[in-house]
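# Working through the structure, step by step
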Amino acid sequence: MPKMTSQNQLARPMTPSLPPQKSSSPAKILSLAPDCFTNMFSFLSPQNLAVLSSLSNAFRELVFERVREIRAEKTAISKDFLVNFEQLNRLEVVNVKSGFDELTKNVIERQQFLKTLILERVDDRESNVLNLQEMHGLEHLEVHWAKFMHDVRLSPIAVEKHLRHLKLHNMAFSDFYFNQLPQHMGVAINLRELDLSFCQNVVEPSIVSFAPNLTHLNISRTGIMNQTIYHIIKNCHELRVLIADSNEHLGNGHLIVKNHPKLEILSLNLCRRLYDFSTFACPALQKIDISRTPVQNAHLSKLFRDNAHVPEILIAEDYKAFENSDFDLELKMSPSASPAPENGSMMQEKSFVPLKCRKINLACTFLESSILEQFFQAAAETIEDLDANNTQITNLSLPSFFSMPRLKRIDVSSTNITNQAVELILAMSPSLEEFTARVCIAINDELVMSSQSVRMLDLTGSPINTKSLREILKRCPQLEKLIICSAIEQIELESTSLKEFSCATCTTLSHFTLGACPKLHTLHAHSLVSLVSCVVTDEGRNTPLKLIELQQSPQLIGRQLSEVFPEAKIDGFTLKRDIMDIENPSLDELRSGFRKYQNLHSTHVLVNLSEKTQQMIDKSTGMEQDQLRDLKSKICLQIGHYRSIQGRNLEEGVANVQESLQFFEERIALGIPENYFRIKNAYEVLLALYGNMTDKEKEFTEVTLKLHEWVERNKLDEEKNAE
C-alpha cells in the first residue's frame, strides 16, 4: 500500500540536499603572522576595531596587542573603543581630526611608543595642557586649532634625540612657553621643521636656542618683529625655507635679510606694514615672495638689482598699493658697468641689469608701461612664465629689438594690447606654448595669429570672426587646445593637431561646421542658444570625439551629433525640450522662452522666437491672440534694441520697432491703456537706430518730435489724474 503524504509535507518546498560545508575556523585566521594584523588594523577606523574586538576574546586580545595606528580623520574616536581599550599603550600613530575629549586625552597621554601624533580642532576648554612626557620616541607632532591649549609638555629624551617635525598651529602660546623650552626640555638638535603659524601671542620666541638646525620655519601670522627675523637668519645656518606671511608687526624699521648661504625660499606675503625691505648675499635663493607687501620704490628697485640670480620673484598685487605712488623701477646699469659698444653700436638691451627670473608674476599691479618694458628687457633671456594679467601693458611695452627665447607661458588678459602686440609677442617668443588673452577689448576681430610652437590659445571674451579663426587654425600647426567666446556667427573647424575646442557661451553662433579633425576628442559647445545648423563633413565623421558638452544648447544639435558620433559621451542631451524644438508651443512656453533668451544679446534666436510666435498668432483667436501679439511686440522691441547696439541690420531693426509701435497705437485707439514706459522705450530705440544711419536725418527728427509729444502728453495726463 503506497505511503500517504500529509498536506504539510506537500506545502513544504522541495530543496536539494547539499553536502555539509566545513566552516572556516577562527583559529586559521588567528594563525597569520602578527605583522599581517598590524598592517590590516592600520586601515580600520576605531569604530571597526571596536566591532572586531567584540567577536571573541581571541580577537579582542589580538586587537589589543597588534593595533599600532588610530586614524579618526572624519569622525571622533568611538567611545566603545576608548572604554574597551583604555589600557592600550602600544600605539605608534594617532591621528584625530575631531572629537577630542578628556577620555581621548587620557588614552593619548598614556602612550609610550608613540612616534606620530596629529590633533586637529581641539575645542575642549578644559584641555589646556597636553602632557606628552611619556612619549620618549616622538618624532612628529602636529596640533591644529587648539585655541584653549597653552602648554604642550614634551619628553626631554624625545626632544633631544627624536623630534624632527613640530607644528603648533593657532594655539594660545606665549613667549614664556618658548623661553622655558631649552631649560626644561633641552635642545632639539634633530628638529628640522617648525610651524608656529597663527600663534599670535608669540613675539620673541627662543627658536634659535631651542632648534638650531632648522631647515623649514613658518612663523606666519604671529607677533614677531624685524629683530626676530634678523636673529633667525644670523643663527639658523641650515635654514632653507622661511615663511613669515601676514605679519602685521613687521615693518617697524628696515628689514634686512643678508649673508645666508643656504636660504632658498623667502616669503613675506601680505605684510601690509613692511615698506623697507632688502635682501642680498644669499646665493642659494630660488624664490622671493613679497606679493601684496607694499615695499617702497627704492627698495624694490634695489631688490631686483641685488637678486638678479633669483629665478622667481613675486610682487603680484591684489589691492591698490601702487595706484597713488610715483613708482619708478631703475634696472639700468651705471655708466661704468655698461658693456663696451660692439662694432660702434650700443645695444639697448645691454644697458639693463640682466635678471635670471624664470617666472614673473605682475598680475593686477599698477606698474607703468615703461616699468614693464624694463622688466621684459632685463629678464628677456631667462623668462619662461610671465603673468601680466590686468596690467598696463601696451604695444610700447614690447619693443621689437629683443626676443624671449625661453618664454613658454604668457597671460595678457584684461590689458590694452592690440593685434600688433599679439603678433609681436608670437614673433619674439619662438618657444611659446600657452598664450592667454581674455577680454582684451583692444583686439579687433581681424586678429591673425601665426606660431609654430603654440599649443594652447585662450581668447575668451576677445573679438574673433570666422576668417580669423580659420587663419589661426591654419597658421598654428601645433595647436592642441583652443578656447573662444565672442560674437561669432559661423565656425568652420578644421585642424590636424587640435585635441580640445571650446566655443561655449557663443550666444550669437548660428552655424557650426565640423571638418577634418583627426585628433579632436573634446568639444565644449554648451549655451549655444542661437545654433540652428550643425554640419559634419565626410572628413569630420572620422573625428575621435569622446566628450561633447551641450548643456543649454538646442536638442536638435544633440540629436544630430549623437547620430554621427554614437560612442561619444554627450552631456546635456537629456535636458528638457527647448522652445525651439517645440512645433506648437503654448503661450506659457513662449513666455518662458522669451524670459530665457531676452538677456543673451542673441538677435538670431529672438528672430526665430518671433516667427514661432507669429505662427501661433495665425492659429489662435480672441484673447489668446491678443496676448500672443503683446508678447511679439516685446520680442520685436528687444530685437530692435540689440540691433541698435550691434550696428547691424538697422533697417530690419526699424521694422521691428515700428511693428511694436503699431500694436501699441492700436490698443490706445481701442481705449486700452498702454504702459507709458514701453512706448517711450520704443521711441528711444527707434532714435538709436536712426542715429546709426547716415541718410535718416529726417526720420530722426520726426521721431524726436514724437517722443517729445508723448512725454508732454503723459505729463498732462498725470496732472489731470492728480487733480
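Everything numeric here is computed off the predicted structure, so don't read it as measured data. (Residues numbered from 1 in each chain as written. Predicted model: local features only at pLDDT ≥ 70, side-chain atom pairs only at ≥ 80, totals over all residues. Heavy atoms only, no water.)

Summing up its helical and strand segments, the protein chain has 22 helices and 28 strands in all. Evaluated residue by residue, the protein chain yields a buried proportion of 47% over its 723 residues. Pairs at least 24 residues apart make up 50% of the contacts formed inside the protein chain by residues separated by at least 6 positions. Surface summary for the protein chain: the accessible area is close to 36,700 Å², and the carbon and sulfur share equals 49%. (Helix = DSSP H or I, 4+ residues; strand = E, 2+ residues; numbered from the N terminus. Buried < 20%, exposed > 50% of the residue type's maximum accessible area, 1.4 Å probe, protein only. Contact = heavy atoms within 4.5 Å. Areas by Shrake-Rupley, 256 points an atom, 1.4 Å probe, with all protein chains shown as cover.)

The strands making up a sheet are joined through hydrogen bonds of the backbone, oriented either antiparallel or parallel. Spatial strand order, β22-β24-β26: 3 strands in an open sheet with parallel pairing. Looking at strand neighbours, the two that pair on one side only are β22 (490-493) and β26 (533-536), the edges of this open sheet. Taking the axes of each pair of neighbouring strands and ignoring which way they run, one obtains an average angle of 5 degrees across the sheet. Here 4 bridges tie strand β24 (residues 511-514) to β26, and the two strands are oriented parallel to one another. When the bridges of β26 are listed, L514 appears paired with V536. (Pairing = 2+ DSSP bridges. Axes fitted to C-alpha atoms, helices over the stretch in contact; angles between N-to-C directions.)

Before going further, it helps to spend a moment on helix α19 (residues 622-646). Across its 25 residues, α19 extends 37 Å between first and last C-alpha, which sits within 8% of the 36 Å expected from 1.5 Å per residue. After α19 finishes, the residue G647 shows a positive phi value of roughly 75 degrees. (Expected span 1.5 Å × (residues − 1).)

Applying the stated criterion across every chain yields a total of 4 cavities of 30 Å³ or more. Computed from the structure, the largest cavity encloses a volume of approximately 50 Å³. Here the lining of the largest cavity is composed, by residue class, of 10 nonpolar, no polar and no charged. (1 Å grid on protein atoms, 1.4 Å probe; cavity = no way out; pocket = protein on both sides within 12 Å on 5 of 7 lines; lining within 4 Å. Points joined across faces, edges and corners; volume = space filled by probe spheres on them. Nonpolar A, V, L, I, M, F, W, Y, C, P; charged D, E, K, R; others polar.)

A word on unusual backbone geometry. Positive phi values are uncommon outside glycine, yet R221 reaches one of about 55 degrees. Backbone geometry at S527 places phi at a positive 65 degrees, although glycine is not the residue there. Structurally, S527 is set in the loop between β25 (522-524) and β26.

For the rest of this paragraph, the subject is the pattern of salt bridges. A complete count under the given rule lists 15 salt bridges for this structure. Residue E238 pairs with R240 through a salt bridge whose shortest N-O separation is 3.6 Å. E480 is paired through a salt bridge with K499; the nearest N and O atoms lie 4.0 Å apart. Here E480, found in the loop between α15 (466-475) and β21 (481-485), pairs with K499, found in the loop between β22 and β23 (500-502); they are 19 residues apart in sequence, far enough to count as distant. (Salt bridge = Lys/Arg side-chain N within 4 Å of Asp/Glu carboxyl O.)

Here the focus is the side chain of N419. Mapped onto the elements of the fold, N419 is located in helix α14 (residues 419-427). Overall, N419 belongs to the buried group, its relative accessible area being 11%.

Below, the discussion takes up the environment of Y676. Inspection of the secondary structure puts Y676 in helix α21 (residues 676-691). The exposure class of Y676 is buried, given its relative accessible area of 17%. Linking Y676 and V711, residues 35 residues apart in sequence, is a C-alpha distance of 8.7 Å. If we ignore the near neighbours within four places in the chain, the residues touching Y676 are W710, V711 and N714.

Let us now look at the packing of α19 against helix α20 (residues 650-669). Geometrically, a packed helix pair is captured by the angle between its two axes and the distance between the axes. The N-to-C vectors of α19 and α20 enclose an angle of 145 degrees; their axes lie 8 Å apart at closest approach. Taken as a pair, α19 and α20 cross one another with a handedness that is left-handed. In contact with D626, R629, D630, K632, S633, C636, L637, I639, G640, R643 and S644 of α19, α20 contributes L650, E652, G653, N656, V657, E659, S660, F663, F664 and E666. Taken together, the residues of the contact of α19 with α20 break down into 7 nonpolar, 6 polar and 8 charged. (Left-handed = near helix turned anticlockwise from the far one by under 90°.)

Across the protein chain, pLDDT averages 77, with 74% of residues at or above 70. Taken element by element, the predicted model of the protein chain shows its lowest mean pLDDT in helix α1 (residues 7-11) (44) and its highest in strand β19 (residues 434-436) (95). Counted against residues more than four places away or in other chains, residues 1-18, with its pLDDT under 50, gives 1 contact. Here residues 318-351 scores under 50 on pLDDT; set against residues more than four positions off or in separate chains, the count is 57 contacts. (pLDDT = per-residue confidence, 0-100.)

The next subject is the side chain of R643. Following the sequence through the fold, R643 ends up in helix α19. For R643, a relative accessible area of 7% puts it in the buried group. With near-sequence residues (within four places) excluded, R643 lies in contact with T603, V607, R648, N649, L650, E652, G653, N656 and L689.

Contact geometry for α19 and α21: axes closest at 9 Å, N-to-C directions at 35 degrees. Pair α19 / α21 crosses with left-handed handedness. Residue-level inspection shows D630, S633, K634, L637, G640, H641, R643 and S644 of α19 in contact with α21, the latter providing R678, N681, A682, V685, A688 and L689. Taken together, the residues of the contact of α19 with α21 sort by class into 5 nonpolar, 5 polar and 4 charged.

The topology assignment puts F565 in the loop between α16 (555-564) and β28 (569-571). Given the relative accessible area of 5%, F565 is considered buried. Distance from F565 to L545, taken between C-alpha atoms, is 7.1 Å for residues 20 residues apart in sequence. Residues within four places of F565 in sequence aside, it is in contact with L514, V536, G540, R541, T543, L545 and I548.

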